[in-house]
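Residue-level structure breakdown
One letter stands for each residue in the lines below.
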Amino acid sequence: MSASLVERSTSFGEQLRAWGLNPTTLVFSIVIALALYLTYQRATAISVSNIPGPEPESFLLGNLPEIFQSQVGVPDFKYQQLYGDVVRIKGPFGEDRLMISDPKALQYIFHTAGYGFLKWPERTEISRILMGRGLLWADGETHRRQRKVMLPGFGAPESKAFVPIFRRVGTELTAQWSDILASSPDQTTILNVASWLSRATMDSIGEAAFDYQFGALSNTDNEFMKAYFGLMSDTLGSPPRSAIFMQTILPVWMLQLMSKYSRARNLVHARHTARLANAVTKQLVESKAEALLQGKGNKDILSLLVKANASEQSSTRLTEEEMLAQMRTILLAGHETSATSLCWVLLELARHPDVQDKLRKEIRETEMSIHARGDSDFSASDLDNMPYLSAVIKESMRFHPAVYQNYRLAAHDDVLPLSKPINTTDGKVITKLPIPKGMKIILSIAAYNRNTEIFGEDAHIFNPERWFRDSGEKRGPTLGVHGNLLTFAGGVRTCIGWRFALYEMLALTVEIINNFELFPTPDIDRLRREACLVMLPTLEGEQLKGENLPLRFPEYENPANMLSHCHLASRSFRRFRYPVIPHACPAFLCYATRSYATRLSSNTRPSNQGSHKSGSLWSEESWDQVFLDLDKSLPPPRASGPLFSQPRRQTMTERESKVLTGMLDMIFDSKEAREDLGDGNSEMPGGIVRGQVDDLFSRLRRFSRRPRREVDSSTRMFDKKKEEMSFCTTDQQLLEWALREVFDESKRYEEAARKAMVEASGTGEKTELPHLQSPIYSQLIAHLMRTFRVHFRDPNLALFIFNHAQKLSTVSYVFGCSTAAYNELVETRWLAFNDIQGVLAAIEEMTLNGVPFDSRTRKVVDTIRRELGSREILTGSDEVVQSESWEILTKIEKLLAPKLHTRRKNFLQWKAEVVGVDDNETFDDWAFDDLEKLTVGGSGRLN
Ligand code: HEM
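Every chain begins its residue count from 1, and numbering advances along the sequence as written. Totals for whole chains, interfaces and linings use all residues, but because this is a predicted model, local features are given only for residues with pLDDT of at least 70 and pairs of side-chain atoms are given and counted only at 80 or more. Computation of side-chain values covers all heavy atoms of the structure but excludes hydrogens and water.

**Concerning the overall build of the chain**
Here is the rule: Elements are defined by DSSP. Helices are runs of H or I of four residues or more, strands are runs of E of two residues or more, and each kind is numbered from the N terminus. Burial here depends on accessible area, computed with a 1.4 Å probe over protein chains only, as a share of the maximum for the residue type. Under 20% is buried, over 50% is exposed, and the range in between is partly exposed. Accessibility throughout is a Shrake-Rupley quantity obtained with a 1.4 Å probe, and a residue counts as covered only by protein chains that appear here.
When its secondary structure is counted, the chain shows 38 helices and 13 strands. Burial analysis of the chain (943 residues in total) assigns 55% to the buried set. Counting every atom, the chain has about 41800 Å² of accessible surface; 55% of that belongs to carbon and sulfur.

This is how it looks when you write it as structure tokens:
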């Protein structure tokens, strides 16, 4: 074989000679030509090495460790101050890169060049791992095609239509905070605000984007939510140098292999979340497609997306993989960014009490004008028409952009226009900057948003007033969609959900500031603007160890350097406004922690001692007032919960059912109850008499014993009814539907149950009887009332629904007029008619009928108190009317008071009486549902 090779090369050499060429001369000439070509290339190549910039930290990684490991903005602001808006930085092995905050250059890259600047491949790989091959991953034509299908879900009218959802989520959030306060002895508490907001935005996105209720607010043990919470900080926060090196040097195919097989904690977390998200989104997309095929549709983003995709030509449609990736993209991009931005808004409001007060005043005035025109809640246009609110949100988004940098790569040689000339290191002055194909550029959103040419000399100061100055946002070229900020990026890659995010932030801020007063605590030394692709508020500090991590993967071995807490403090405004009524003076601290554990603590008050100047570039004041939360005792991890919560659980657990049955026995056998009801024929409201009550409650007990397996079917039933309701486009249609589908059905249920009872008593056999009412009857009544009042703006019809349920039959009254329906009644009477007497009547009726109050009842009453107070201050209205209203309000609060504030004491007294021990004795051996003991150890009866 080697002989044949020698033979062949000899014959090749002979052939060259035969053509008159010397082989040695030929090789030499080729080498010379190549060297000349490379020298020419080097001499004529476009270079940015003469642009001023920092010295590299090392040859291996250049300036990248400083850029990727520092807090958000630290290197950007420093370079901007030292070298200007276009800075040469060093990548690995001395490679030149650029960091840009020059407005004209940014406008060119974002807008003019279209897809002329692509994303860095290693960064798109991170997007693929976290969200799949969706919009944030795609580039060029693929991106254009995907975006076209996505756009119909994100228009202005679509985003405005989600405002009621955001408001509802806000109400649920603040109701839960109020509950926590109500159960704390001095109504002071510490909350993990970041965690609450993250759950709230997850619920918003679930309902608005997928028409699905994640129930993240109501169930902290939601596995899906837990996977998402901390995903960004866990996977991308404070990357070690080795990770920066690998991300920068390794080819994409190797990164892909690592993402699949590596056992590093961050990648395990990302894979775990991806698996869950894929399973969930697949289920959602399939059920939505099926519903649409059956002609049922909704206005959620997923429905619009599925419809838009169906109407595209087959060549431009999204594939199934792309569709799932879009859902995962919306989930992550739409929940983490908004939650984080809102956290920063609250933090700034806490730090600026004057701004907070001014904002609250605007909110209250708007709320009053909403009620004066007969509406009950903020609409999208109300939110649009609050200039100070808009200025606060804009300023916070300028100051703390959730996405702080974008990473682009020149698709071909190009020339960047500049706002200001650059003095190069070789003594030239240039007004345009040529850049070579493949040049990697960091577009600094954080630095642009603090550009003094655009936002004034005080750009490093948080000041919402700047948005009222003449120049304001109008200086400089047009760049961003909101206030000319780059917070939502710009051009072909502008954030698709920017309107959605804005309305969500406006709605939640209004709800929170209307209900609570926020203030800072002195734990700011550890606060970081953590750079994790999204800027998270975190607190540097203790490392969470294995068992304290709520998310535990089988593969997890290496507890990473976890970022822990960030704190935010807040206090109820009511402390100062209404100091005369003790139980309405809660003061609480509300800390936000971006940790993996929720911690609640009471009795901690803020102090303004120990001021500390952080001297950071972005704060005009120190962060010193933020508290050090020294209690490191974190709660033990919870057992893994189901994938989704059951947000509308309508049956009781066995334990709850047992307790209720026991309580009903005690109540109806008690002396007071007998006296209250008279000897047999005394009438209760609604025409119910004693005999009927016994009968009704025996059924109520049976109702409470419904087996748990019905949970799912009730939820499904309710969803189905809600969907049917959503097809009614006029109040007339909805009313007809209600009479047919709710009230006629109520009659049918009752008749069927009675018939079955008669038959069963005839046979004498023990059979399970059907329910007297549909298990979702009360929910339907409440939902109908709310829809008429809020959606159709017809409070009279809302009242009609309640009255009709009350009059239809006794059974309908008992089962339909539940707490939720009464809450609606109270809200309607107050918000639509300002009828405080009517509110009192409803609360009295609830008390009489034994319908329990809940946090929403209390919240309405709080609103009444607030509004009466504001009215007094703002309008100074008629003294007599005011004092009458206050008297009625005091009566209402008295009715609510025992449940609110003396619950614990009464319960102990009650136990003492029932079990037959002194107040001081402990009940350690007595469980709440230990009813047998009541009859054995104590008197066993209330008397
Ligand atoms: C305050 C909240 C938000 C901020 C600051 C924000 C910011 C951004 C930024 C800067 C980008 C460009 C990223 C890039 O090109 O690499 C982006 C893209 C995107 N955002 Fe947002 N976003 C927010 C909320 C939302 C919401 C609520 C949704 C969805 C409901 C959403 C969905 C998206 C999507 C799908 C993209 C990719 C757009 C594309 O490449 O065409 N974002 N966002």
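**Some thoughts on the coordination of the iron atom of the ligand**
Keep this limit in mind: Keep in mind that water is not among the atoms, so a site may look incomplete; donors are the N, O and S atoms within 2.8 Å of the metal, or 3.2 Å for Na, K and Ca.
Just one protein ligand coordinates the iron atom of the ligand, and it is Cys-495 (SG) at 2.3 Å. Mapping Cys-495 onto the fold places it in the loop between helix H22 (452-455) and helix H23 (498-515).

**Some words on the site of the ligand**
For clarity, the cut-off: We call a residue near a molecule or strand whenever a single non-hydrogen atom of that residue lies within 4 Å of it. Think of a polar contact as two N or O atoms within 3.5 Å of one another; within protein, one of them needs to be a possible hydrogen donor and the other a possible acceptor, and neighboring residues in sequence only count if both atoms come from side chains. When residues are grouped by polarity, Ala, Val, Leu, Ile, Met, Phe, Trp, Tyr, Cys and Pro land in nonpolar, Asp, Glu, Lys and Arg in charged, and all others, Gly among them, in polar.
The local shell around the ligand holds 29 residues, among which Lys-119, His-143, Arg-147, Ser-341 and Cys-495 are the closest. In the environment of the ligand, an oxygen atom lies 3.0 Å from a nitrogen or oxygen atom belonging to the side chain of Lys-119. Between the ligand and Arg-408 there is a distance of 3.4 Å, counted from an oxygen atom to a side-chain nitrogen or oxygen. Looking at the shell around the ligand, the elements that each hand over two or more residues are helix H7 (140-150), helix H17 (320-351), strand E4 (405-410) and H23. A total of 6 residues in the shell around the ligand trace back to one element, the largest contributor, which is H17. For the shell around the ligand, the per-class residue count stands at 15 nonpolar, 10 polar and 4 charged.

**Observations regarding the confidence of the model for the chain**
Worth spelling out the cut-off: Per-residue confidence from the predictor is given as pLDDT, running between 0 and 100. The criterion used for residue contact is that any of the two residues' heavy atoms lie within 4.5 Å.
For the chain, the average pLDDT comes to 74, and 70% of its residues sit at 70 or higher. Considering each helix and strand of the chain separately, the mean pLDDT is smallest for helix H24 (residues 574-577), with a value of 24, and largest for strand E7 (residues 440-444), with 97. Segment residues 873-877: pLDDT under 50, and 6 contacts once partners within four positions in sequence are set aside and those in other chains are kept. Between residues 899-908, whose pLDDT stays under 50, and residues either more than four places distant or in other chains, the model counts 12 contacts. This complex was scored by the predictor with a pTM of 0.63 and an ipTM of 0.99.

**Description of the environment of Phe-792**
Its location among the elements puts Phe-792 in the loop between helix H30 (777-791) and helix H31 (795-808). Between the C-alpha atom of Phe-792 and that of Thr-730, which follows or precedes it by 62 residues, the distance is 7.5 Å. The contact partners of Phe-792, leaving out residues within four places of it in the chain, are Cys-728, Thr-729, Thr-730, Asp-731, Leu-734 and Thr-787.

**Section: the pattern of salt bridges**
Threshold: In what follows, salt bridge is the name for a side-chain nitrogen of Lys or Arg lying within 4 Å of a carboxyl oxygen of Asp or Glu.
As enumerated under the stated definition, the model contains 41 salt bridges in all. With a closest N to O distance of 2.9 Å, Arg-167 and Asp-377 form a salt bridge. Of the two residues, Arg-167 is situated in helix H9 (residues 163-182) and Asp-377 in the loop between helix H18 (353-372) and helix H19 (380-384); the sequence distance between them amounts to 210 residues. Two residues, Glu-745 and Lys-721, come together in a salt bridge whose shortest N-O distance is 3.3 Å. Residue Glu-745 is located in helix H29 (residues 731-763), and its partner Lys-721 is located in helix H28 (residues 710-726); the two are separated by 24 residues in the primary sequence.

**Structural notes on the sheet that holds strand E2 (residues 96-100)**
Neighbouring strands of a sheet are bound in pairs by backbone hydrogen bonds; such pairs are parallel or else antiparallel. Defined as follows: A pair of strands is considered paired only if DSSP assigns at least 2 bridges between the two. A fitted line through C-alpha atoms serves as each axis, taken over the contacting stretch for helices, and the angle formed by two N-to-C directions is quoted from 0 to 180°.
Strands sit in the order E1-E2-E7-E4-E3 across an open sheet of 5 strands; the sheet is mixed. Since the sheet does not close on itself, it has two edges, and those belong to strand E1 (86-90) and strand E3 (117-119), each with one partner. Adjacent strand axes in the sheet meet at a mean angle of 35° when their direction is disregarded. Taken strand by strand, helix H4 (residues 74-83) contacts E1, E2, E4 and E7, and its axis lies near 120° from that of E1.

**Concerning the packing of aromatic side chains**
We count it as follows: Here is the rule: rings of Phe, Tyr and Trp (six-membered ring for Trp) pair when centre to centre is within 6.5 Å. Planes less than 30 degrees apart are stacked, more than 60 are edge-to-face, and the remainder are tilted.
A full pass over the atoms with the stated rule returns 17 aromatic pairs. When the centroid spacing of 6.4 Å and the interplanar angle of 85° are considered together, the rings of Tyr-108 and Phe-117 count as edge-to-face. On the accessibility criterion, Tyr-108 (19% relative accessible area) is buried. Centroid distance Trp-177 to Trp-196: 6.5 Å. Interplanar angle 80°. Geometry classified as edge-to-face. Of this pair, Trp-177 sits in helix H9 while Trp-196 is found in helix H10 (residues 193-210), placing the two residues 19 residues apart along the sequence.

**Section: the side chain of Ser-396**
Mapped onto the elements of the fold, Ser-396 is located in helix H20 (residues 387-399). Not counting the four nearest positions on each side in its chain, Ser-396 is found in contact with Ser-341, Trp-344, Val-345 and Phe-462.

**Focus: the pairing of E4**
Among the 6 residues in E4, 6 count as buried, and that is most of the element. Along E4, one buried face is formed by Gln-405, Tyr-407 and Leu-409 and the opposite face, lined by Asn-406, Arg-408 and Ala-410, is buried too. Looking at chain direction, E3 and E4 are connected through 3 bridges and run antiparallel. Residue pairing in the sheet places Lys-119 in a bridge with Arg-408 of E4.

**A closer look at the packing of H10 against H23**
Inclusion rule: An angle counts as roughly parallel when it lies under 35 degrees, as roughly antiparallel when it exceeds 145, as roughly perpendicular when it falls between 65 and 115, and as oblique in every other case. Two helices crossing with the near one rotated counterclockwise from the far one by less than a right angle form a left-handed crossing, whereas a clockwise rotation gives a right-handed crossing.
Where H10 meets H23, the axes come as close as 12 Å, and the angle between the chain directions of the two elements is 130°. The angle between the axes of H10 and H23 places the two elements in the oblique class. Handedness of the crossing formed by H10 with H23: right-handed. Here Leu-197, Thr-201, Ser-204, Ile-205 and Ala-208 of H10 lie close against H23, whose contacting residues are Phe-500, Glu-504 and Ile-512.

**Observations regarding a nonpolar patch on the surface**
Which entries qualify depends on this criterion: Patches draw on residues past 30% relative accessible area with no salt bridge. Two like charges within 9 Å are joined, as are two nonpolar side chains (Val, Leu, Ile, Met, Phe, Trp, Tyr) within 5 Å.
Together, Phe-59, Leu-60, Phe-93 and Ile-249 make up an exposed nonpolar region whose accessible area comes to about 390 Å². Locating Ile-249 in the fold gives a position in helix H13 (residues 241-249). What makes Ile-249 partly exposed here is its relative accessible area of 30%.

**Quick word on the nonpolar core**
Here is the rule we go by: Only buried residues count toward a nonpolar core, which is a set of Ala, Val, Leu, Ile, Met, Phe, Trp, Tyr and Cys residues joined through side-chain atoms within 4.5 Å.
Ranked by size, the top nonpolar core spans 129 residues in total, and within it Leu-433 and Ile-435 carry the most contacts. Among the elements that line this core, the one with the most residues is H17, at 13 residues. Those residues in contact with Leu-433 that sit more than four places away from it in its chain are Val-48, Ile-51, Val-86, Leu-98, Asp-414, Val-415, Leu-416 and Leu-418. Counting residues in each nonpolar core, the second largest holds 52 residues, with Phe-743, Ala-753, Leu-799 and Ile-864 among its members.

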